Amino acid sequence: MRNLKRALSLALASVMVMGLMVVGSGASYVDVSSENNVEAIEVLQKVGVMTGDENGKFNPDANVTRNEMAVIMSNMLDYKVSNYAGTAPFTDVPSWAEPYVAACYTHGIISGYDAKTFGGSDSVTAAQAALMMMKALGYFQYQSDFGEDWQMATIREANKIDLYKDVNATAVAPMTRNDVAQLALNTLKSYQVEADNDTINVNGNGVSVSGGSVKYYQLVSNDKMYKAIDDRTGLSMSNVSGYTKELGEDLYDGDLECKDETDDFGRPATTWSYKSSTIGTYSDSADQTWTGKVSEKDLYTAAGSAAYDNYKWTVYRNGEVVEDMDRVNGKDVLDYGKTSSERWQETGNGVLTELYVDSTEEDVVVTIIDTFVAEVTKVEDNGDDYTVTISYKSDKPSKAENEFDTDQKFSKEDIVVLTIGGTEIQSMAKAEIVEGTVSSVKDNDYVKLDGTTYNYNRAYCTTVINSAKGLVNLDDGDNFTNPDVDNEVVLYLDTYGNAVAIEGAEDSVDDYLFVTGVDSAYGDVSAKVVFADGTEEKIDIDEIDGVDAYWKDTGDKRVPTEGHIYKWNQSGSEYDLESASYANFEQILFDASNGKGKVERDNASVYRGSDRIGTADSDTVFINTDDDKVWTGYKNVSSQEDIVGAAVKDDGVITILFMSSSSGSSAEDDDFVFISGTDPEVVNDNGDKLYQYNSAYINGEKVEGGFIVSSSSAKDDIVTKGLYQVTKRDNDDHATEVKLVVDATADKKGNYESGALKAFESYATYAKKDILSLNDGDGNLTAGSQSDFSYNNDTTFVVVELKKDNTDVDSVYVGGVSDIETDAEGRTGVFVVTVEDDGDDTPMAEVVLVIVPDEDTVIEDDNNNGDYKVVSLSGKKIELTVDKNGEFTLKNVKVQKGDENYENLGDVTLSAKIELYNKGWDELETVEEDFTAEKSVVADNDGINFSSDLLSSGDKIRVTLTLSNKTIGDIEFFTGSMTVPEA
């Protein structure tokens, strides 16, 4: 392959040995990146020439001393340094370095500043290091080789054999470990030589005369091991043809091999292996690289006329050959011609384009690499690296993988940018984010945030990798989008600083308001409005649909329409409104003429009259404009009828609904009532029969004047003592429909009402330090499915104490978290009634129901199987813990038969069902381990262990344990939630 050559100027102090970035398989050191000489570092590590420190670092930027250079040369040339100990003539070499310096000195690789001074603590320079390497190859065997200046002679000859290729160092400046590694690899790839010493030397009468010059010839052989690194041929001093003998081939007996291949992007590359074990594949240095627009003229100019006219061209995009561009003529890759300024192959901002020209094989390869967007869904710690699982947010190449092994640690829900070669992920980085207000936008081109311009990555201006143009939309809605002016957005950038994804571009419900009244003063227009958060204000109107609002004495006016929804923007103290027709959103009106509205929560539907006009979802916002109540999600609002108001519909989904009047209400704190007396007092109210329950409690407080039900059907549904939810009310706020949620008391046979939760079906597994964990999500009475909650001093704990074998209620009062008992003996029933935000992973509990059993009653638990039961050791609690590696420890478990220890337990199987929390509990796996019990004891205080390989640091899990054998059957005895510790 022809690569760009780098020559070191003879102006020693000023000119750099220029290098190109090598992209390899990913260095095995934590401090080595693709900007370093990865190929050289990894190859030298494999053959033991240069290794890292005890902390796993290579320290690529550290300078190399002359003593350390002697160590590197000795390692490379495989000197047995112990044989040379004590033979160095220098007096300034430390004992650790002396054998290495002595070995190199003996073989003529190094010399001192003078007979006694080596200067080993000085940094080695590019000229000094190159001279050592060239002597190892067989050069500079005679004093005449150096001429008048040894440094100039060394640099000149080193450049001839490409020894400085990809090395960045001035001739007399200190060399870093990164550059020494590259210099050493270049040396291993170079052929060895021998000298003919064709000089004339005359000595007489104390006078020495020399003439002529030394010539160096390639060492060659017909042994095939000398094809291992390079299969080139040459002529020896005696004019014999054969394979050149590269230093690395000789030193490692052909076991170190280098092959020309292509990497996963299609780039010309080198694959190194040692003793048949692959070290890595490393792309060659490109002849030209672009990360912006490439015109057809640019491509022609960079490749040159010879390549354009005569070579075969292949073009790859993300590792796949571009259609009709596989080994074609140069003119066939251009649509317009070599002088055209037209964009070539949708190159542009953020698209990496690389050109490789091989003048030997007369080939041209062009690779185009795009950026894809994904979200991290799982991170597995493997000890020495991480396996990252992703979900693509942009489109992806067919069959592209979704796992990537990396030394870099990522977190769940990180938005990442990645490159793909063929089907494999090649690189991954967390996307940089910027936040701000959109001040200007050109669709599919650029966006300005607070005046700063961010160009779109070119791939997102076209459909070259995605099904549609636009930025990846990380909100719900279309997959790709463009923001609007004044959107508050979060912009995600690729590694070149171009936009690839966005949050906040979709219209937000906060953009809407509802007009409840209009007024004017001195011709100015004002309106009473309700915003999406339920706030009611009187605002001054500046413009409506881009035209000044006004109200003239003549009655001529331009004002907002009462009962309608508008989008709004605020300018100073005044507001600009945009109607549905102007702002292009769909408005649904509910009134006597159009038809009143209805919400049916059970089927998430919204009706106008008898017509179903849309679906409500978990993000739909409902606002009661009369009392400023706001509910998010259809599950949080009860069924509503006779709605007067308006809604916004988007793609069939109701996004926001303003109700200025309706019958019905939502399930908030005061919609849950605990009834401890089921016989109502019948009250006559102006001819209407009402049913008044005087033993009723809301938030633990007895309802003053009783809880009123206005329908006989609701009265008939109150059949037992327990917690009820009001699902519908009349205009006087009396309940017309109720639903039994938790049956607190059993009948004399121990039975509970069907369709409701039993008193002790839900219980707490943890209740302290501001965290409340339930055994599962059934005890969560909100719209969410969480089983873990936080609580604080504002959380209300409604305590219900039972009596008479749990068939009756003794008392109801407001208690505290201390009323919760988590132990199996005396365990309380616990139900979370309402939370602040059911969208949170661990929502703040507002109201918690605690049911305390009759202390004289034994509650049958799940850990019984006939006469056998699993219990804790005396004076102990059953404990289950997990460490950062997914190793579980179970302590203090035994089996009893009746009230006695079961001494003949023998072999048992412990089954652990592990569930992972991700906005709900998903079963991950069931682990089974066999143990032999010590009489009745399954696990003592030292514990027994089992493990899961599927867990990652930070995972929130729930574990259910079951013990089984032929005698005891299957006994489920433990359920608990925990978090895998951070590594």
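As annotated in an unreviewed UniProt entry, the chain carries the name S-layer homology domain-containing protein and comes from Flintibacter hominis.

*Asks:* Which residues make up the overall build of the chain, and what values go with them?
*Replies:* On a plain count of helices and strands, the chain comes out with eleven helices and 72 strands. Over its C-alpha trace the chain gives a radius of gyration of 40 Å, far above what one expects of a compact globule, namely 30 Å for 983 residues. Looking at the chain residue by residue over its 983 residues, the buried ones come to 49%. Put simply, 56% of the contacts in the chain that link residues at least 6 apart link residues at least 24 apart.

*Asks:* Pulling in residues and values, what's your account of the nonpolar core?
*Replies:* Met69, Met73, Ile109, Met175, Leu256 and Trp272 are the most contacted members of the largest nonpolar core, which has 71 residues in total. Counting residues in each nonpolar core, the second largest holds 33 residues, with Tyr868, Ala939, Ile944 and Ile957 among its members.

*Asks:* Go over the sheet that holds strand β21 (residues 424-430), please, and point to the residues and values.
*Replies:* Taken together, five strands build an open sheet; the order of strands is β19-β18-β17-β20-β21 and the sheet is antiparallel. At either end of the open sheet lies a strand with only one pairing partner, and these are β19 (403-406) and β21. Between one strand and the next, the sheet's axes are offset by a mean angle of 45°, whatever the strand orientation.

*Asks:* I'd like a rundown of the sheet that holds strand β64 (residues 887-891), residues and numbers included.
*Replies:* Pairing is antiparallel in the open sheet, where three strands are placed in the order β63-β64-β70. Each edge of the open sheet is held by one strand with a lone partner, namely β63 (879-882) and β70 (944-947). Recorded for the sheet is a direction-independent mean angle of 20° between the axes of neighbouring strands. Judged from the four bridges that link them, β63 and β64 form a sheet pairing that is antiparallel. Bridge pairing in β64 places glutamate 879 opposite lysine 891.

*Asks:* I'd love a proper account of unusual backbone geometry, names of residues and values included.
*Replies:* For serine 276, which is not a glycine, the phi torsion comes out positive at approximately 70°. Mapping serine 276 onto the fold places it in the loop between β9 (268-274) and β10 (277-283).

*Asks:* An account of the pairing of strand β57 (residues 796-803) is needed here, citing residue identities and associated values.
*Replies:* Inspection of the sheet shows β57 paired to strand β60 (residues 845-852) by six bridges, in the parallel sense. Residue pairing in the sheet places valine 798 in a bridge with leucine 849 of β60. Hairpin geometry of β57 and strand β58 (residues 808-815) is characterised by an intervening segment of four residues between the two adjacent antiparallel strands and by a positive phi of about 50° at lysine 804.

*Asks:* An account of helix α1 (residues 38-47) is requested, with residue identities and associated values reported.
*Replies:* Along α1, eight of the ten residues are buried, which leaves the element largely enclosed by surrounding structure. Taken residue by residue, α1 has Val38, Glu39, Ala40, Ile41, Glu42, Val43, Leu44 and Val47 as its buried positions. Tucked into the core, α1 has its buried residues touching α6 (177-188), β8 (256-262), β9 and β10.

*Asks:* I'd like a rundown of the packing of helix α2 (residues 66-77) against helix α3 (residues 98-106), residues and numbers included.
*Replies:* As a packed pair, α2 and α3 sit with axes 8 Å apart at the nearest point and diverge in direction by 65°. Like other packed secondary-structure pairs, α2 and α3 cross with a definite hand, here left-handed. Counted together, Asn67, Ala70, Val71, Met73, Ser74 and Asn75 of α2 and Tyr100, Val101, Ala103 and Cys104 of α3 form the full contact between these two elements. Each residue belonging to the contact of α2 with α3 can be placed in one class, and the counts come to seven nonpolar, three polar and no charged.

*Asks:* Describe the UniProt feature "domain: SLH" (unreviewed entry) in the chain, with residues and values.
*Replies:* This chain's UniProt record puts "domain: SLH" (unreviewed entry) on residues 24-83 and 84-147. The span residues 84-147 shows a helical share of 33% and a strand share of 0%, and its end C-alpha atoms are spaced 31 Å apart.

*Asks:* Give a detailed account of the pattern of salt bridges, specifying residues and quantitative values.
*Replies:* Inspection of every chain in the model, using the stated rule, returns 24 salt bridges. Across the salt bridge formed by lysine 393 and glutamate 375, the nearest N and O atoms sit 3.4 Å from each other. Here glutamate 375 lies in strand β17 (residues 372-381) and lysine 393 lies in the loop between β18 (386-392) and β19, a separation of 18 residues in the sequence. Since its relative accessible area comes to 31%, lysine 393 is described here as partly exposed. Take glutamate 375: its relative accessible area is 21%, and that puts it in the partly exposed class. Here the salt bridges share partners, and the residues they tie into one network are Arg156, Glu157 and Lys160.

*Asks:* Run through the environment of serine 467, naming residues and quoting values.
*Replies:* Along the polypeptide, serine 467 turns up in the loop between β24 (452-455) and β25 (471-473). A C-alpha to C-alpha distance of 56 Å links serine 467 and asparagine 965, two positions 498 residues apart in sequence. The residues touching serine 467, leaving out its near neighbours within four places in the chain, are Asp395 and Phe480.

*Asks:* Describe a negative patch on the surface, naming the residues involved and giving the relevant values.
*Replies:* A cluster of acidic residues, Glu413, Asp794, Glu836, Asp837, Asp840 and Asp841, forms a negative patch on the protein surface. Overall, the relative accessible area of 37% leaves aspartate 837 in the partly exposed class.

*Asks:* Quick rundown of the packing of helix α4 (residues 126-137) against α6? Include the residues and the values.
*Replies:* For the pair α4 and α6, interaxial distance at closest approach is 10 Å and the crossing angle is 20°. What the angle tells us is that α4 and α6 run roughly parallel. In terms of crossing hand, the pair formed by α4 and α6 is right-handed. Along the contact surface, α4 presents Ala129, Ala130, Met133 and Leu137, while α6 presents Leu183, Ala184 and Thr187.

*Asks:* Lay out the environment of lysine 877 in plain terms, naming residues and giving numbers.
*Replies:* Inspection of the secondary structure puts lysine 877 in the loop between β62 (868-872) and β63. Every residue in contact with lysine 877, bar those within four places of it in the chain, is listed here: Asp823, Ser872, Lys891 and Asn892.

*Asks:* Lay out the packing of aromatic side chains with the relevant residues and their values.
*Replies:* The full count for this structure, using the stated rule, is 15 aromatic pairs. Where tyrosine 512 meets phenylalanine 585, the ring centres are 5.1 Å apart and the plane angle is 75°; that geometry is what we call edge-to-face. Placement of tyrosine 512 in strand β29 (residues 512-521) and of phenylalanine 585 in the loop between α10 (580-583) and β37 (586-590) is noted, with a sequence separation of 73 residues between them. Each ring, one from phenylalanine 531 and one from tyrosine 575, has its centre 6.2 Å from the other, and the planes form 45°; the classification is tilted. Taken together, the positions of phenylalanine 531 in strand β30 (residues 524-531) and tyrosine 575 in strand β36 (residues 574-578) put the pair 44 residues apart, joining distant regions of the chain. We classify phenylalanine 531 as buried; its relative accessible area is 9%. Tyrosine 575 gets classed as buried once you look at its relative accessible area, which sits at 8%. Taken together, the aromatic side chains of Phe90, Tyr105 and Phe118 make up a single cluster linked through ring pairs. Here the basic side chain of lysine 552 rests over the ring of tyrosine 550, its NZ or CZ set 5.4 Å away from the ring centre. The ring of tyrosine 607 carries lysine 598 above its face, with NZ or CZ at 5.1 Å from the centroid.

*Asks:* An account of the environment of valine 848 is needed here, citing residue identities and associated values.
*Replies:* With respect to the helices and strands, the residue valine 848 is situated in strand β60. By relative accessible area, which is 0% here, valine 848 ends up buried. When the C-alpha positions of valine 848 and valine 817 are compared, they lie 9.1 Å apart, and in sequence the two are 31 residues distant.

*Asks:* Explain α3 to me, using residue names and the numbers behind them.
*Replies:* Residues of α3 that are buried include every one of Glu98, Pro99, Val101, Ala102, Ala103 and Cys104, and no others. In this fold, the buried residues of α3 make contact with α2.

*Asks:* Quick rundown of the side chain of glutamine 128? Include the residues and the values.
*Replies:* Tracing the chain through its elements places glutamine 128 in helix α4. In contact with glutamine 128, not counting residues within four places along its chain, are Arg66, Tyr113, Ser123 and Trp150.

*Asks:* So, the pairing of β70: which residues are in play, and what are the values?
*Replies:* Covered by surrounding structure in β70 are Ile944 and Phe946 only, the residues Asn945 and Ser947 on the alternate face being uncovered. When β64 meets β70, the two strands line up antiparallel, connected through four bridges. Bridging from a neighbouring strand, leucine 890 pairs with isoleucine 944 of β70.

Thresholds applied
Residues numbered from 1 in each chain as written. Predicted model: local features only at pLDDT ≥ 70, side-chain atom pairs only at ≥ 80, totals over all residues. Heavy atoms only, no water. Helix = DSSP H or I, 4+ residues; strand = E, 2+ residues; numbered from the N terminus. Rg over C-alpha atoms; globule rule 2.2 N^0.38 Å. Buried < 20%, exposed > 50% of the residue type's maximum accessible area, 1.4 Å probe, protein only. Contact = heavy atoms within 4.5 Å. Core = buried A, V, L, I, M, F, W, Y, C linked by side-chain atoms within 4.5 Å. Pairing = 2+ DSSP bridges. Axes fitted to C-alpha atoms, helices over the stretch in contact; angles between N-to-C directions. Left-handed = near helix turned anticlockwise from the far one by under 90°. Nonpolar A, V, L, I, M, F, W, Y, C, P; charged D, E, K, R; others polar. UniProt positions renumbered as here; feature names shortened; annotations may be inferred. Salt bridge = Lys/Arg side-chain N within 4 Å of Asp/Glu carboxyl O. Patch = residues over 30% accessible without salt bridge, like charges linked within 9 Å, V, L, I, M, F, W, Y side chains within 5 Å. Areas by Shrake-Rupley, 256 points an atom, 1.4 Å probe, with all protein chains shown as cover. Lys, Arg positive; Asp, Glu negative; His and termini not counted. Charge placed at Lys NZ, Arg CZ, Asp CG, Glu CD. Parallel < 35°, antiparallel > 145°, perpendicular 65-115°, else oblique. Phe/Tyr/Trp six-rings, centres within 6.5 Å; stacked < 30°, edge-to-face > 60°. Lys NZ or Arg CZ within 6 Å of the ring centre and 35° of its normal.

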